[in-house]
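# Examining the three-dimensional arrangement
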Amino acid sequence: MKVLDALNAATKPIVSLEITPPDKGRSIDELFVTLDHLMKYEPAFIDVTYHQPHVVYEERDGVIYRVPKRKKPGTVGICAAIKNRYGVEPVPHFICGGFTKFETEDALIDLHYLGITNILAIRGDPPPGHRTFIPEKEGHRYASELVHQIANMNRGIYLEELEDAEPTNFCIGVAGYPEKHYEAPSFEKDLQNLKHKVEQGAHYVITQMFFDFQVFKRFVEQARDMGITVPIIPGVKPLTRVNQLVSIPRNFYVSIPHHIVEAMEAAKTPDAARKVGIAKTVELCEQLLDFGVPGLHIYTMGRGNATAQVLHALLG
Ligand code: FAD
């Protein structure tokens, strides 16, 4: 089922999960153990992140070779495995970085043949060790261009003229930033760019993590004022460790309210800090549910226990 159909059919807010492929060389079984444990919360869909390789140059026998090294391959395979094993809709993340539009088209055809009908269309982060996003020569610079290509394929429009081409059938999600994307000059400009993604054909928005309900509320209200009418699903990251109070703002360009920082820092043991973090996450989710969000999208990041604790507190 497409994400949009699931949202429309739901009589209560849906739960969805986001997972990351294991590091290359690790077993997929660890991921299955996490997901087995979370299935009782009946996720409507499971997002699987996509990671661009970073390129290194290696010299062998006096010749310099360009070697792409991908730490976390397997997004599409994991999606197929999720569909097979759990019958739950997988949502592969699909990025602009590292793809020409021709490679994008072929990869989309693969997903279509696999029966995958959901995609989260994003630009992608710069590869590890790089600060700036650089598109491929014939690739997309912004997620809106990728959305446009997918929406075109949904209309049967491919890069070359094809007679009676079969349209694809993708439901397209995009990313939104309640605290603005770190490169955007202003919150308003970022929202205009989000609106443009929706105008290009995005069906719903999933947000970056945030830790302050008021930040999300302001984002949704301003998005609605600007004419963005599609569902906006909040992304929630359970807090479990004091060191996340520094690593999360550094890695994701988001802030953590002082009352959470104070409470977690005051905890006497790692266990006590974890309890505080989970309680604060549950509190945020309750505020979001009271506000009427269409669903909760939980960033598990390989930590199924924290996700299970939050969902248990909310759903029993
Ligand atoms: P865009 O929408 O293209 O926006 C990027 C920047 O460009 C923004 O500042 C925007 O305001 C600006 N912009 C957009 N259009 C224009 C325009 N026409 N002119 C000028 N400026 C413009 N990264 C991964 O590598 N893999 C993942 O699996 C992944 N999953 C994610 C899932 C979610 C829910 C979220 C929120 C993020 C995810 N990311 C992932 C991170 C994401 O790739 C980065 O945040 C990236 O820097 C931006 O992606 P985007 O799709 O929001 O980009």
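Here's a quick rundown of the structure. None of the values given here were measured: they were computed from a predicted structure. Numbers given to residues run from 1 along each chain, matching the order in which its sequence is written. Local features in a predicted model are, by the rule used here, given only for residues with pLDDT of at least 70; side-chain atom pairs are given and counted only at 80 or more, and totals for whole chains, interfaces and linings are based on all residues. As a convention, hydrogens and water are excluded, and side-chain values are obtained from all of the structure's heavy atoms.

## Concerning the sheet that holds strand β7 (residues 171–176)
Pairing between two strands requires that DSSP report at least two bridges joining them. Helix and strand assignments follow DSSP, with helices taken as H or I runs no shorter than four residues and strands as E runs no shorter than two, numbered in order from the N terminus. Reading around the circumference, β1-β2-β5-β6-β7-β8-β9-β10 is the order of the eight strands in this closed barrel, with parallel pairing throughout. Strand-to-strand, the axes of this sheet are offset by a mean angle of 30 degrees, without reference to chain direction. Note: β7 against strand β8 (residues 204–209), four bridges, orientation parallel. Looking at β8, one finds that Gly176 is bridged to Thr207. Lying on the sheet, helix α6 (residues 187–200) is in contact with β7 and β8; it crosses β7 at an angle near 175 degrees. Two residues qualify as a contact provided that any one of their heavy atoms is within 4.5 Å of a heavy atom in the partner residue. With axes taken as lines fitted to C-alpha atoms, and helix axes fitted only over the stretch in contact, angles between N-to-C directions fall between 0 and 180 degrees. The sheet contacts of helix α11 (residues 304–315) involve β1 (14–19) and β10 (295–299), and relative to β1 the element is tilted by about 175 degrees.

## Things to note about the pairing of β1
Residue burial is assigned from relative accessible area. The probe radius is 1.4 Å, only protein chains are included, and a residue is buried under 20% of its type maximum, exposed over 50%, and partly exposed in between. For β1, the tally of buried residues reaches six of six residues, placing the bulk of the element in the interior. Neither face of β1 is left uncovered, since the one carrying Ile14, Ser16 and Glu18 and the one carrying Val15, Leu17 and Ile19 both have all their residues buried. Sheet topology note: the β1/β10 ladder contains five bridges and is parallel. Bridge pairing in β10 places Val15 opposite Leu296. Both β1 and strand β2 (residues 45–48) contribute to a ladder of four bridges, which runs parallel. Directly across from Ser16, in β2, lies its bridge partner Phe45. One crossover worth recording links β1 to the parallel β2 by way of helix α2 (residues 29–38), and it is right-handed. With the strands aimed away from the viewer, a crossover counts as right-handed if its path from the first strand over the helix to the second runs clockwise.

## Overview of α6
Given a helix with a known number of residues, its expected span is that number minus one, times 1.5 Å. For α6, which comprises 14 residues, the first-to-last C-alpha distance of 20 Å matches the rise-based estimate of 20 Å (1.5 Å per residue) to within 8%. Taken as a whole, α6 has its buried residues at Phe187, Asp190, Leu191, Leu194, Lys197 and Val198. Viewed end-on, α6 has its buried residues packed into an arc of 110 degrees, placing them on one side of the element. Among the residues trailing α6, Gly201 stands out with phi positive, at a value near 135 degrees. Summarising the geometry, the arc corresponds to the directions from the helix axis toward the C-beta atoms.

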